[in-house]
Amino acid sequence: MTITYGPVGGIGSGAATTGTNQPATTGQDRIDQDTFLKLLVAQLKYQDPSSPTDPTQFLSQTAQFTMVEKLNQLADLNQKVYDASREQTASSMIGRTVTWTDVSGTRHTGTVSGVSVGAATPNLTVDGATVSLDAVSAVASATTPASATGSTPS
């Protein structure tokens, strides 16, 4: 397998590729900080002394890598916020009447009695059945009997 580097920005600034022009990947399908630093040190070690690489290129590469790393962290944080919002939405449905469509296309209506957090999406317990939050098509407002609120008619 031959590893080559793209011409933009000097040695190592392009993506590493294999002989089939497919991006080379690590075990996690992305380059991490340690791999980047190892590549940077290898560039310095094996550069031609009669024609050294411009130091601004190294600063540019480092800044680009830092930017990508921060964007990945931001994307991860955004996903956590989205997941927490969905869990809160599901929890707020306890005691409400929901309408959902099952896999066969049949519509059902029932009262949510509980919530569980699944691997991909929160699940509601509706009249004993487990319903994905994504399957819910309508939510009715919770109705509270007057006696349950503690108020009495005058």
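Rules of the game
- Residues numbered from 1 in each chain as written.
- Predicted model: local features only at pLDDT ≥ 70, side-chain atom pairs only at ≥ 80, totals over all residues.
- Heavy atoms only, no water.
- Helix = DSSP H or I, 4+ residues; strand = E, 2+ residues; numbered from the N terminus.
- Buried < 20%, exposed > 50% of the residue type's maximum accessible area, 1.4 Å probe, protein only.
- Pairing = 2+ DSSP bridges.
- Axes fitted to C-alpha atoms, helices over the stretch in contact; angles between N-to-C directions.
- Contact = heavy atoms within 4.5 Å.
- Salt bridge = Lys/Arg side-chain N within 4 Å of Asp/Glu carboxyl O.
- Parallel < 35°, antiparallel > 145°, perpendicular 65-115°, else oblique.
- Nonpolar A, V, L, I, M, F, W, Y, C, P; charged D, E, K, R; others polar.

A. Fine view of unusual backbone geometry. Even without a glycine there, the phi angle at Asp127 is positive, about 50 degrees. Position of Asp127 relative to the elements: it lies in the loop between strand E3 (122-126) and strand E4 (129-132). Owing to a relative accessible area of 56%, Asp127 belongs among the exposed residues under this scheme.

B. Here's a closer look at the sheet that holds strand E5 (residues 136-140). The strand order across the open sheet built from five strands is E4-E3-E2-E1-E5, with neighbouring strands paired in antiparallel fashion. Edge positions in the sheet fall to E4 and E5, since each of these pairs with one other strand and no more. Sheet twist, expressed as the average angle between the axes of neighbouring strands with direction ignored, equals 45 degrees. In this structure, strand E1 (residues 97-101) lies alongside strand E2 (residues 107-117), joined through five bridges in antiparallel fashion. Residue pairing across strands places Trp100 opposite His108, the latter belonging to E2. Lying on the sheet, helix H2 (residues 55-92) is in contact with E2 and E3; it crosses E3 at an angle near 10 degrees.

C. Broad picture of the side chain of Arg86. Mapped onto the fold, Arg86 is located in helix H2. Not counting residues within four places of it along the chain, the set of residues in contact with Arg86 comprises Thr121, Pro122, Leu133 and Asp134.

D. Here's a closer look at the pattern of salt bridges. Within the structure shown, the criterion is met by one salt bridge. Asp134 serves as the salt-bridge partner of Arg86, at 2.8 Å between the closest nitrogen and oxygen. Here the residue Arg86 occupies a position in helix H2, and Asp134 occupies one in the loop between E4 and E5, the gap between them amounting to 48 residues. The class of Asp134 is exposed, set by a relative accessible area of 54%.

E. Region of interest: the side chain of Asn123. With respect to the element layout, Asn123 can be found in strand E3. Ignoring anything within four residues of it in the chain, the contact list for Asn123 reads Gly114, Val115, Ser116, Gly118, Thr130, Val131 and Ser132.

F. Representation of the packing of helix H1 (residues 33-46) against H2 in the model. As a packed pair, H1 and H2 sit with axes 11 Å apart at the nearest point and diverge in direction by 170 degrees. Relative to H2, H1 is oriented roughly antiparallel. Contacts from Gln33, Phe36, Leu40, Gln43 and Leu44 of H1 reach H2 at Phe58, Gln61, Thr62, Phe65 and Glu69. A class-by-class count of the residues in the contact of H1 with H2 yields five nonpolar, four polar and one charged.

G. Molecular detail of the environment of Arg86. The exposure class assigned to Arg86 is buried, which follows from its relative accessible area of 16%. Distance in space between the C-alpha atoms of Arg86 and Asp134 is 9.9 Å, their sequence separation being 48 residues.

H. The pairing of E1, seen in detail. Hairpin remark: E1 followed by E2, antiparallel, with five residues in the connecting loop; positive phi at Gly105, about 95 degrees. Of the pairings in the sheet, the one linking E1 to E5 comprises four bridges and is antiparallel in character. Its bridge partner lying in E5, Thr99 is registered against Ala138.

By themselves, these are just geometric observations and shouldn't be taken as functional.
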